[in-house]
Amino acid sequence: MALLQIAEPGESTAPHQHRLAVGIDLGTTNSLVAAVRSGSAEVLRNTDDQPLTPSVVRYFADGRVQVGSAAKATQAEDPENTIVSVKRFMGRGLADVARYGALPYRLVDAPGMVRLQTAAGVKSPVDVSADILKVLKVQAERALLGNDEGELAGAVITVPAYFDDAQRQATKDAAQLAGLTVLRLLNEPTAAAIAYGLDNAAEGTYAVYDLGGGTFDISILKLTRGVFEVLSTNGDSALGGDDFDQAIAAHWRKVHGIASADMKDLRRLLMVAREVKERLTGAPQAEAEVTLRYGQSLRLRLTREEFHALTMPIVQRTLVPVKKALRDARLTIEEVKGVVMVGGATRMPHVQAAVSALFGQPTLNNLDPDKVVALGAAIQANALAGNKTGDDLLLLDVIPLSLGVETMGGLVEKIVPRNATLPVARAQEFTTFKDGQTAMAFHVVQGERDLVKDCRSLARFELRGIPPMVAGAARIAVTFQVDADGLLSVSARETGTGVAAEIAVKPSYGLSDAEIAAMLTAGHAHAREDAGLRALAEQRVEASRTVEAVRSALAADGAILLNDRERQAIEAAMQALEHAATGDDPAAIKSALAALGAATAEFAARRMDRSVARALTGKRIDDVTTP
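Small disclaimer: the values here were computed from a predicted structure and weren't measured.

**Concerning the overall build of the protein**
And step 1. Across its full length, the protein holds 15 helices and 27 strands.
And step 2. Taken over 627 residues, the protein has a buried fraction of 50%.
And step 3. For the protein, long-range pairs separated by at least 24 residues make up 66% of all intrachain contacts whose partners lie at least 6 apart in sequence.
And step 4. When the accessible surface of the protein is summed, it comes to about 28700 Å², and 51% of that surface belongs to carbon and sulfur atoms.

Below you can see the structure in the form of structure tokens.
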């Protein structure tokens, strides 16, 4: 009997076919594209026969766009139109970018993301990133397809683990603008773990220390029989190799008495600083010459010891998120089996020494730190394209910051907690606050604090058409869904009628550089304070709801069921509660609530008796007896 290959349409390829998919590491300093060929992942070389393509884009007035080495070589000649480190601008507003210090670009404040005025017109960070991705796409097609007809099945694009929702969405938009089908956005440390874990058949708990050109991530992963489970993640989306270059350039300016310099001179100093930094990885000292714009020639010298002293504070900044990630994973340093080093900046000896000292063991860097992320992305892309490799992978990534909605009193109700495994869907029921309420507004927020004012606003939407009911009777199910890319959608549904509303969350811009790191720190530091503020807000909401309900009851039945003395006592208790609610003592509000409850107990009983009597009037025993 013949054996047939059975699969859902589009789920797998025919045995003789191999769908072509690539992994792309869209880096701050350099970008790479890799693919699985002949059963193994390899980085594809560019037209310069190099694996690394500098993430530099130059724009010309005639519309030409130059990407890569040629743009990098001439960046000091035209700094205003040559964009470097654009990854730091993804999903950022003008106020966020201003924290980076002096920049050579003409920045344009615009709704959403900051824009850059170039000779070719106004460009967004998404446009610039798309131009880099277009070059990588052509590079991949030339290497994989040659002159054959066909197309790429798609790409897995890596992002820093600490990229927020806006930055991830901006990356996905750039890929789509470049004509790439995005199979998945993959966290960079997870991609590195895939490449490292499969190559070394590793199992156990590992830390992935990823220091790139502009971002830093630390992820704690558990590897067990092909299952890559991210236990926790932390980092800084605005910390990387660029900061080391800035420190060297600032040192030279101080030594040579350069109080101020134009943008072209600053760019020259940064270019030389990067070259010296790279040379110091293998040499005890390095020298260079630079000629400034007005003919001043500087002979620059730096020893490895001076470099380490200058930049050790930056290295120490990376160790703070490492300790937080371990704490979140509930692990001790001794329980970590190995530390995987990722990113070109980890080549620096004092970075490796500091990480080794913290973990008490040598770091693992037998794979090229520049290539390992792209290689892992290529392996995942190959699997998502439907190609069977014999290596079954299960990725369990996590969300870096909690997601929730605003509730009465300016409180945050967290629906998806941080470090929840992706993809994730969580639902929670809410209800109406007022009688007859037919609409509800939802405010989606991100962060670790208990009050909305301390978190980041992501989106707002409304649910209309709720049947008018008494307060608290409606049941509104709110569902948060975060996909494997870390992108969020929120829906709300009234369970009785099925009336629904939803929104795909695309924030106007991302969390600021300091905010991401500060949110977790603030969450821990203000835990006791937040608990007190939450209790106060909850008591105030309960007081408001109770007073409104009592007023409504008095208006309906007070004249019939109460004498003047009883009504005055209830109104006095209401006034006392309203006064207590203006204060800052939750216990006082709770006591006033109890006093109002006692004052209205007899009134509530009479209302119940009257309601029952009204319901039974004119009825026979048979009519109300259950058979």
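**Looking at the confidence of the model for the protein**
And step 1. When pLDDT is averaged across the protein, the result is 82; 85% of the residues are at 70 or more.
And step 2. Contacts of residues 1–16 to residues separated by more than four positions or lying in other chains number 10 contacts, the stretch itself having pLDDT below 50.
And step 3. Scored below 50 in pLDDT, residues 507–517 makes 43 contacts in the model with residues more than four places away or belonging to other chains.

**With respect to the sheet that holds strand β24 (residues 456–464)**
And step 1. Across the sheet, 4 strands lie side by side as β21-β20-β23-β24; this open sheet has antiparallel pairing. If you trace the sheet from one side to the other, it starts and ends with β21 (411–416) and β24, each paired once. On average, each strand axis in the sheet is tilted by 30° relative to the strand beside it, whichever way the strands run.
And step 2. In terms of strand pairing, strand β23 (residues 439–446) meets β24 through 8 bridges, oriented antiparallel. The residue bridging A441 from the neighbouring strand is E462, located in β24.

**Some details on the side chain of D217**
And step 1. Tracing the backbone through its elements, the reader meets D217 in strand β14 (residues 216–224).
And step 2. Notably, D217 is buried but unbridged: the nearest opposite-charge side chain belongs to K87, and the N-O separation is 7.1 Å.
And step 3. Those residues in contact with D217, other than ones at most four positions away along the chain, are P160, A161, Y162, E188, P189, V208, Y209, D210, N234 and G235.

**Section: the layout of surface pockets**
And step 1. Within this model, the largest pocket holds a volume of roughly 900 Å³.
And step 2. Lining the largest pocket are 40 residues, with S85, L103, D242, Q246 and L270 sitting closest to its centre.
And step 3. Where the lining of the largest pocket is concerned, the elements lending two or more residues are α6 (241–255), α7 (263–280) and α11 (513–525).
And step 4. It is α7 that provides the largest number of residues to the lining of the largest pocket, a total of 9 residues.
And step 5. The residue inventory of the lining of the largest pocket, partitioned by class, reads 18 nonpolar, 8 polar and 14 charged.

**Some remarks on the environment of V547**
And step 1. Along the chain, the position of V547 falls in helix α12 (residues 527–561).
And step 2. For V547, the residues in contact, after removing those within four places along its chain, are M574, L577 and E578.

**A word on the nonpolar core**
Side chains of a nonpolar character, in soluble globular proteins, are inclined to be buried together.
And step 1. By size, the foremost hydrophobic cluster in this structure holds 44 residues, and its most contacted members are Y209, W252 and F359.
And step 2. Element by element, the count of residues in this core is highest for helix α8 (residues 304–328), at 7 residues.
And step 3. Sequence-distant contacts of F359, defined by excluding residues within four places in its chain, comprise A207, V322, L326, I333, V336 and V339.
And step 4. With 43 residues, the next largest nonpolar core counts L44, Y100, A178 and L185 among its residues.

**A word on the environment of V156**
And step 1. Tracing the backbone shows V156 in strand β11 (residues 154–159).
And step 2. Residue V156 is classed as buried on the basis of its relative accessible area of 0%.
And step 3. Between the C-alpha atoms of V156 and I24, which are 132 residues apart in sequence, the distance is 6.2 Å.
And step 4. Residues contacting V156, with those up to four places away along its chain left out, are V22, G23, I24, L183, R184, L186, A377, Q380, A381 and L384.

**Focus: the sheet that holds strand β5 (residues 56–59)**
And step 1. Spatially, 3 strands are ordered β6-β5-β7 in an open sheet, and the strand pairing comes out antiparallel. Pairing within the sheet leaves two strands with one partner each, and these edge strands are β6 (65–67) and β7 (82–84). Strand after strand, the sheet turns through a mean of 20° between neighbouring axes, direction not considered.
And step 2. Looking at chain direction, β5 and β7 are connected through 3 bridges and run antiparallel. Among the inter-strand pairings, V56 is bridged to a residue of β7, identified as V84.
And step 3. On top of the sheet, helix α3 (residues 125–144) reaches β5, β6 and β7; it is set at about 110° to β5, its chief contact.

**Digging into unusual backbone geometry**
And step 1. Even without being glycine, S85 reaches a positive phi, approximately 55°.
And step 2. Within the secondary structure, S85 is located in the loop between β7 and α2 (94–97).
And step 3. Its identity is not glycine, yet R330 carries a phi of approximately 60°, on the positive side.

Criteria and cut-off values
- Residues numbered from 1 in each chain as written.
- Predicted model: local features only at pLDDT ≥ 70, side-chain atom pairs only at ≥ 80, totals over all residues.
- Heavy atoms only, no water.
- Helix = DSSP H or I, 4+ residues; strand = E, 2+ residues; numbered from the N terminus.
- Buried < 20%, exposed > 50% of the residue type's maximum accessible area, 1.4 Å probe, protein only.
- Contact = heavy atoms within 4.5 Å.
- Areas by Shrake-Rupley, 256 points an atom, 1.4 Å probe, with all protein chains shown as cover.
- pLDDT = per-residue confidence, 0-100.
- Pairing = 2+ DSSP bridges.
- Axes fitted to C-alpha atoms, helices over the stretch in contact; angles between N-to-C directions.
- Lys, Arg positive; Asp, Glu negative; His and termini not counted.
- Salt bridge = Lys/Arg side-chain N within 4 Å of Asp/Glu carboxyl O.
- 1 Å grid on protein atoms, 1.4 Å probe; cavity = no way out; pocket = protein on both sides within 12 Å on 5 of 7 lines; lining within 4 Å.
- Points joined across faces, edges and corners; volume = space filled by probe spheres on them.
- Nonpolar A, V, L, I, M, F, W, Y, C, P; charged D, E, K, R; others polar.
- Core = buried A, V, L, I, M, F, W, Y, C linked by side-chain atoms within 4.5 Å.

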